[in-house]
2 protein chains.
Amino acid sequence: MGDEMKIPQATAKRLPLYYRFINNLYLQGKLRVSSKELSDAVKVDSATIRRDFSYFGALGKKGYGYNVEHLLQFFRRTLDQDETTEVALIGVGNLGTAFLNYNFMKNNNTKIVVAFDANDGLVGTEIGGVPVAHIDDLEEKMGNVSVAILTVPSQAAQGITDRLVERGVSGILNFTPARISVPPTVRVHHIDLSVELQSLAYFLKHYPL
Amino acid sequence: MGDEMKIPQATAKRLPLYYRFINNLYLQGKLRVSSKELSDAVKVDSATIRRDFSYFGALGKKGYGYNVEHLLQFFRRTLDQDETTEVALIGVGNLGTAFLNYNFMKNNNTKIVVAFDANDGLVGTEIGGVPVAHIDDLEEKMGNVSVAILTVPSQAAQGITDRLVERGVSGILNFTPARISVPPTVRVHHIDLSVELQSLAYFLKHYPL
DNA sequence: CAAAAAACGTGATGAATTTCACAAAGTTAG
DNA sequence: CTAACTTTGTGAAATTCATCACGTTTTTTG
Ligand SMILES: NC(=O)c1ccc[n+]([C@@H]2O[C@H](COP(=O)([O-])OP(=O)(O)OC[C@H]3O[C@@H](n4cnc5c(N)ncnc54)[C@H](O)[C@@H]3O)[C@@H](O)[C@H]2O)c1
Ligand SMILES: NC(=O)c1ccc[n+]([C@@H]2O[C@H](COP(=O)([O-])OP(=O)(O)OC[C@H]3O[C@@H](n4cnc5c(N)ncnc54)[C@H](O)[C@@H]3O)[C@@H](O)[C@H]2O)c1
């Protein structure tokens, strides 16, 4: 499992992106692809792509490029595309509902299998094929999911996080503006939409291209 | 306006985050704060915070820390908190509706003022106080917004992008999985939720903490 | 088959960012 | 007022990442 511990984090973040585009190429029937072509598609410098791939060994052929099918199979293995990661979603509001309706399974090794909310009107329903349980039953009904998506009001974020961590969750995708505290064994990725919008506006005003 | 061109981009991305937490402290009636306290709250190393602030001059006092009110006023000016950036949202589906219902104006210098969709059933309605117009009327009704949020199906992303760019938009927050092409004068921030989820899963499997 | 073209893999370099660690300056307590 | 303590601001080192540039291998063309 965790063999190749030397892959830069920046590279690891690009792998799912590569995977998606290579899969597209495969579905289009393309047999080979060069780092330059891939670069145009994913908007990542071609040297960076070659460097990224090289961490996994020599995947390509000089003068030819990369064999699409070979590359695809390689990525499937590397991203554990076959072994699905089960995910829980907490907070079935505006954002949470959008995620449940979205089919995260396209090109994806992750699947939301259960959702939780405090609103009794939602409990017992099914959204996008995912059953909604009551937050009070979190411990009982979350099974052994290892990843949670947090889309609750920010006030509730830390309390729920503590329960998730206690229950053994090791990764949290946090959409709330709260910066949650977790033990060092738990990984949190923050997606802060307000900050993204504000910083885009700031860049436009102060870093004219 | 664009005086301080020397602020590292990594710092610029953290400014809205700092602003939000400083504002919270102010609302809580706190008079001063140290880089260490702020570090605990925003989960950014305290040395990084001091370095970030130092790009704007000496904002703090040795042995004391930072005066919350002073800091807040400084950030308000710096982030142009008073001058609101008007934003258009394209694609009023699951995700787009969530954004419209969300009040981006809390602690925020950005405001969605108009939305567009191809679905006639939506056109003419108002969601979260934002009027929805038909995508055919994009050029006519978008006014002079400079930023657009893209939440359309990925197939439509490039076509709409071209129209936005043609119309003078200079920043795009792209939520579609498509990697769109723009001239070098336009800034695109990609938020790829599937990639975020997949890469979190990958990190958990390969980089155990 | 030979020459030209294509494209990988990577050493070297440089840019950007984070972090350490400490002198200097200010605060607090007695 | 003095001593002990706190905390900033910043050189310097460390780290991470992206990009250049080219030798080498393979493919393609004529
Ligand atoms: N909607 C957006 O566009 C947007 C943008 C940026 C950030 N966010 C953040 O995402 C989070 C969710 O936003 P939203 O718009 O979906 O909010 P929402 O109010 O629509 O949904 C929140 C949901 O969480 C549920 N909830 C409340 N307390 C709970 C608890 N203790 N346990 C379980 N469920 C609980 C509520 O019943 C509700 O269904 C918020 O923190 C918000 O700040 C949202
Ligand atoms: N919903 C999610 O959780 C989620 C997650 C990851 C990525 N995304 C991406 O975000 C985008 C939107 O997702 P969604 O779930 O809201 O989809 P959706 O299908 O619910 O909404 C898309 C909306 O765009 C409108 N539309 C279609 N073509 C258009 C055109 N040419 N001009 C204007 N409007 C048009 C549709 O009428 C619809 O209202 C998609 O690209 C999707 O891949 C969504």
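Residues numbered from 1 in each chain as written. Chains lettered and ligands numbered in written order. Predicted model: local features only at pLDDT ≥ 70, side-chain atom pairs only at ≥ 80, totals over all residues. Heavy atoms only, no water.

1. With respect to the overall build of chain A
Working step 1: From N to C terminus, chain A includes 8 helices and 9 strands.
Working step 2: Residue pairs at least 24 apart in sequence account for 55% of intrachain contacts in chain A once pairs closer than 6 positions are excluded.
Working step 3: Summed over its atoms, the accessible surface of chain A is roughly 9800 Å², and 50% of this surface lies on carbon and sulfur atoms. (Helix = DSSP H or I, 4+ residues; strand = E, 2+ residues; numbered from the N terminus. Contact = heavy atoms within 4.5 Å. Areas by Shrake-Rupley, 256 points an atom, 1.4 Å probe, with all protein chains shown as cover.)

2. Some thoughts on unusual backbone geometry
Residues and elements named next belong to chain A.
Working step 1: In this structure, Lys-43 takes a positive phi of about 60° despite not being glycine.
Working step 2: Secondary-structure assignment places Lys-43 in the loop between α2 (35–42) and α3 (46–54).
Working step 3: You can call Lys-43 partly exposed: its relative accessible area is 39%. (Buried < 20%, exposed > 50% of the residue type's maximum accessible area, 1.4 Å probe, protein only.)

3. Brief notes about the packing of helix α1 (residues 9–27) of chain A against helix α4 (residues 68–78) of chain A
Residues and elements named next belong to chain A.
Working step 1: Interhelical geometry of α1 versus α4 gives an angle of 140° and a closest axis separation of 9 Å. With respect to each other, α1 and α4 are oriented oblique. Here the hand of the crossing between α1 and α4 comes out left-handed. Contacts from Leu-15, Tyr-18, Tyr-19, Ile-22, Asn-23, Leu-25 and Tyr-26 of α1 reach α4 at Val-68, Glu-69, Leu-71, Leu-72, Phe-75 and Arg-76.
Working step 2: The class makeup of the residues in the contact of α1 with α4 is 10 nonpolar, 1 polar and 2 charged. (Axes fitted to C-alpha atoms, helices over the stretch in contact; angles between N-to-C directions. Parallel < 35°, antiparallel > 145°, perpendicular 65-115°, else oblique. Left-handed = near helix turned anticlockwise from the far one by under 90°. Nonpolar A, V, L, I, M, F, W, Y, C, P; charged D, E, K, R; others polar.)

4. Some words on the confidence of the model for chain A
Working step 1: On average, residues of chain A score 93 in pLDDT, and 96% of them reach the 70 mark or higher.
Working step 2: When pLDDT is averaged over each helix and strand of chain A, the minimum, 92, is found for helix α8 (residues 193–206) of chain A and the maximum, 98, for strand β7 (residues 147–150) of chain A. (pLDDT = per-residue confidence, 0-100.)

5. What about the packing of aromatic side chains?
Residues and elements named next belong to chain A.
Working step 1: Scanning the model with the defined rule gives 18 aromatic pairs over all chains in all.
Working step 2: When the ring of Phe-56 is compared with that of Phe-74, the centres are 5.2 Å apart and the planes differ by 65°; the resulting orientation is edge-to-face. You can see Phe-56 sitting in the loop between α3 and β2 (66–67) and its partner Phe-74 sitting in helix α4, a full 18 residues away along the chain.
Working step 3: Residue Phe-74 is classed as buried on the basis of its relative accessible area of 11%.
Working step 4: Here the aromatic cluster, defined as three or more aromatic residues joined through ring pairs, consists of Tyr-18, Phe-53, Phe-56, Tyr-66, Phe-74 and Phe-75.
Working step 5: The aromatic ring of Tyr-64 is capped on one face by Arg-32, whose charged end is 4.5 Å from the ring centroid.
Working step 6: If you follow Lys-61 out to its NZ or CZ, it ends over the ring of Tyr-64, 5.7 Å from the centre. (Phe/Tyr/Trp six-rings, centres within 6.5 Å; stacked < 30°, edge-to-face > 60°. Lys NZ or Arg CZ within 6 Å of the ring centre and 35° of its normal.)

6. Comments concerning the UniProt feature "DNA-binding region" (unreviewed entry) in chain A
Working step 1: Within this numbering scheme, the UniProt entry marks residues 17–56 of chain A as carrying the feature "DNA-binding region" (unreviewed entry).
Working step 2: The span residues 17–56 of chain A carries 70% helix and 5% strand; its end-to-end C-alpha distance comes to 16 Å. (UniProt positions renumbered as here; feature names shortened; annotations may be inferred.)

7. Looking at the sheet that holds strand β7 (residues 147–150) of chain B
Working step 1: Strands sit in the order β5-β6-β4-β3-β7-β8-β9 (chain B) across an open sheet of 7 strands; the sheet is mixed. Whereas interior strands pair on both sides, the edge strands pair on one side only; in this sheet they are β5 (126–127) and β9 (187–190) of chain B. (Pairing = 2+ DSSP bridges.)

8. Concerning the protein's contact with DNA strand D
Working step 1: Arg-32 and Arg-51 of chain A together with Ser-35, Arg-51 and Tyr-66 of chain B are the nearest of the 27 residues found near DNA strand D.
Working step 2: Close to the protein, within 4 Å, the atoms of DNA strand D are drawn from sugar and phosphate at a rate of 59%.
Working step 3: With respect to DNA strand D, the side chain of Arg-50 of chain B contributes an N or O atom lying 2.9 Å from a base nitrogen.
Working step 4: Elements with a contribution of two residues or more to the surface near DNA strand D: α1 and α3 of chain A together with α3 (46–54) of chain B. (Near = heavy atom within 4 Å. Polar contact = N/O pair within 3.5 Å; in protein donor to acceptor, adjacent residues only side chain to side chain.)

9. Description of the interface of chain B and chain A
How big an interface is tends to be stated in terms of the accessible area lost upon association of its parts.
Working step 1: Every contact between the two is made by 70 residues of chain B and, on the other side, 70 residues of chain A.
Working step 2: Between chain B and chain A the total buried area reaches about 6400 Å² when both faces are included, carbon and sulfur atoms providing 63% of it.
Working step 3: If you sort the residues of chain B by the area they bury against chain A, Leu-197, Gln-198 and Tyr-202 of chain B come out on top, with a joint share of 11%.
Working step 4: Our count for the contact surface shared by chain B and chain A stands at 3 salt bridges.
Working step 5: With its nearest N and O atoms 3.9 Å apart, the salt bridge here joins Lys-205 of chain B to Asp-80 of chain A.
Working step 6: Between the two partners, chain B and chain A, sit 14 residue pairs in polar contact (both at pLDDT 80 or more).
Working step 7: Listed by contribution, the elements that provide at least two residues to the side of chain B that touches chain A are α1 (9–27), α2 (35–42), α5 (94–101), β7, β8 (171–174), β9 and α8 (193–206) of chain B.
Working step 8: Considering every element that reaches the side of chain B that touches chain A, the biggest residue donor is α8 of chain B, with 14 residues. (Buried area = accessible area lost by both parts, 1.4 Å probe. Salt bridge = Lys/Arg side-chain N within 4 Å of Asp/Glu carboxyl O.)

10. Side note on the relation of the copies chain B and chain A
Working step 1: Here chain B sits on chain A after a turn of 180° about the axis and a move of 0.0 Å along it, with an RMSD of 0.1 Å. The transformation just described matches what one would write down for a two-fold rotation axis.
Working step 2: A share of 100% of interface residues in chain B that are also interface residues in chain A marks the association as one of identical surfaces. (Least-squares fit on C-alpha atoms with pLDDT ≥ 70 in both.)

11. A look at the protein's contact with DNA strand C
Working step 1: Taken together, 27 residues lie around DNA strand C, and Ser-35, Arg-51 and Tyr-66 of chain A together with Arg-14 and Arg-51 of chain B are the ones closest in.
Working step 2: The share of sugar and phosphate among atoms of DNA strand C within 4 Å of the protein is 62%.
Working step 3: Within the contact set of DNA strand C, a base oxygen lies 2.4 Å away from a side-chain nitrogen or oxygen of Arg-51 of chain A.
Working step 4: Gly-63 of chain A is positioned such that a nitrogen or oxygen atom in its backbone is 3.3 Å from a sugar or linking oxygen of DNA strand C.
Working step 5: A class-by-class count of the residues in the surface near DNA strand C yields 7 nonpolar, 9 polar and 11 charged.

12. Remarks on the side chain of Thr-78 of chain B
Working step 1: As for its placement among the helices and strands, Thr-78 of chain B is situated in helix α4 (residues 68–78).
Working step 2: Only 2.9 Å separates the side chain of Thr-78 of chain B from the backbone oxygen of Phe-74 of chain B, close enough to count as a polar contact.

13. Side note on the environment of Leu-89 of chain A
Working step 1: For Leu-89 of chain A, the position within the fold is in strand β3 (residues 85–90).
Working step 2: The residues touching Leu-89 of chain A, leaving out its near neighbours within four places in the chain, are Gly-96, Phe-99, Leu-100, Ile-112, Val-114, Ala-115, Phe-116, Ile-149 and Thr-151 of chain A.

14. Let's talk about the site of ligand 2
Working step 1: Residues in contact with ligand 2 amount to 22 residues; listed here are only the nearest, Phe-99 of chain A together with Asn-94, Leu-95, Asp-117 and Val-152 of chain B.
Working step 2: Of the chains in the model, those with residues near ligand 2 are chains A and B.
Working step 3: Between an oxygen atom of ligand 2 and a main-chain N or O atom of Ala-98 of chain A, the distance comes to 3.3 Å.
Working step 4: Against a free-state accessible area of 830 Å², the protein chains account for coverage of 80% of ligand 2.
Working step 5: Mapped onto the shell around ligand 2, the elements with two or more residues apiece are α5 (94–101) of chain A together with α5 and α7 (154–166) of chain B.
Working step 6: When residues of the shell around ligand 2 are assigned to their parent elements, the largest contribution, 3 residues, is made by α7 of chain B.
Working step 7: By residue class, the composition of the shell around ligand 2 is 14 nonpolar, 7 polar and 1 charged.

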